[in-house]
Structure formats: C-alpha cells, structure tokens
Amino acid sequence: QGQLVESGGGLVQDGGSLRLSCAASENIVSIQYMGWYRQAPGAQRELVALIFIGGSTKYADSVKGRFTISKDEAKYTVYLQMNSLKLEDTAVYYCNVEDLFGAYWGQGTQVTVSS
C-alpha cells in the first residue's frame, strides 16, 4: 500500500516562508498528479496546488503568486514553497497523490502563521 510522508510544517511569522515536502513510497507508480490541500479549523479541506504528470500546475486563487509547487520525480517527492505567508494560511496541509489505481493522502502537517 502506498504511503506519503510529509515534512516541513511549523510556526512562522506573517510574511515569512516555509517549504513543505512530501515523499511518496516507490510502490506508487504511474502517478497522474501530486498536490497539496489544506484544512483550517472549522473549514472544509480545500485545494492549494497540483502538479500534473506533464508538469502543468494549478493553484488556488488565494495562493497564486505566493506559493510554488514543484516535484522531483527521481525522489518521488513533491514540494510546496510558501512565501509571503498570511495569517489565513494557517491550516493542516495534506499531501495528495493519485496514480492509476487510486488516491493517497498524507497524515498532514501543521502550518501556523503568527502576527
């Protein structure tokens, strides 16, 4: 069964930066896309960014110009560089990977932006 291991969350001040990483186990093959979602307290989980098999990307309007998603296929890893963080970016961030057989979710990593 495929696994995703996330890292890089933490506490950062308003305007700061963080980089999230998500490593997929090598038994996840034929990956169609890799991406990040987030869920703030009392809110529904929402899309943050996706990167597709061909390298194209999709971002939520709220993070465009501030966040950058990238991947290292050799390492089965997806990254989320988050710059100019705002208080409203505070949430648990979840890695999501889909291959030909299904979707996988990470355990979540907390990102807290303080004033």
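Asks: I would appreciate a short explanation of the overall build of the protein chain in the present structure.
Replies: Along the protein chain, the regular secondary structure elements total zero helices and 11 strands. Starting at the N terminus, the α and β elements of the protein chain follow one another as β-β-β-β-β-β-β-β-β-β-β. In terms of C-alpha radius of gyration, the protein chain reaches 13 Å, essentially the compact-globule figure of 13 Å for 115 residues. Principal-axis analysis of the C-alpha atoms places the extent of the protein chain at approximately 40 × 25 × 25 Å.

Asks: Please clarify how unusual backbone geometry should be interpreted in this entry.
Replies: Outside of glycine, negative phi angles account for most residues, and trans bonds account for most peptide bonds. For tyrosine 76, which is not a glycine, the phi torsion comes out positive at approximately 50 degrees. In this fold, tyrosine 76 is placed in the loop between strand E7 (67-72) and strand E8 (77-82). Relative accessible area serves as the criterion here: at 25%, tyrosine 76 is assigned to the partly exposed category. With a phi close to 50 degrees, serine 84 is a non-glycine residue in the positive phi region. Take serine 84: it is sitting in the loop between E8 and strand E9 (91-99).

Asks: Can you help me understand the nonpolar core in this one?
Replies: Here is a general trend for soluble globular proteins: nonpolar side chains tend to be buried in one another's company. Residues Trp36, Leu80, Met82 and Tyr93 are the most contacted members of the largest nonpolar core, which totals 29 residues. Breaking this core down by element, the ones donating at least two residues are strand E3 (18-24), strand E4 (33-39), strand E5 (46-52), E7, E8, E9 and strand E11 (109-114).

Asks: Can you help me understand the pattern of salt bridges in this one?
Replies: A side chain with one charge can pair with a side chain of the opposite charge if their charged atoms come near. Under the counting rule described, the total for this entry stands at five salt bridges. Residue glutamate 46 pairs with arginine 38 through a salt bridge whose shortest N-O separation is 2.7 Å. The class of glutamate 46 is partly exposed, set by a relative accessible area of 35%.

Asks: Where do I start with the state of the cysteines in this structure?
Replies: One covalent bond between the sulfur atoms of two cysteine residues makes up a disulfide. In total, this model carries one disulfide according to the counting rule given. Note on cysteine connectivity: cysteine 22 is disulfide-linked to cysteine 95, with sulfurs 2.1 Å apart. Sign of the S-S torsion, about -80 degrees for the bond between cysteine 22 and cysteine 95, identifies this disulfide as left-handed. Highlighted residues: cysteine 22 in strand E3 and cysteine 95 in strand E9, separated in sequence by 73 residues.

Definitions and cut-offs
- Residues numbered from 1 in each chain as written.
- Predicted model: local features only at pLDDT ≥ 70, side-chain atom pairs only at ≥ 80, totals over all residues.
- Heavy atoms only, no water.
- Helix = DSSP H or I, 4+ residues; strand = E, 2+ residues; numbered from the N terminus.
- Rg over C-alpha atoms; globule rule 2.2 N^0.38 Å.
- Buried < 20%, exposed > 50% of the residue type's maximum accessible area, 1.4 Å probe, protein only.
- Core = buried A, V, L, I, M, F, W, Y, C linked by side-chain atoms within 4.5 Å.
- Salt bridge = Lys/Arg side-chain N within 4 Å of Asp/Glu carboxyl O.
- Disulfide = S-S within 2.5 Å.

None of this, on its own, says anything about what the molecule does.
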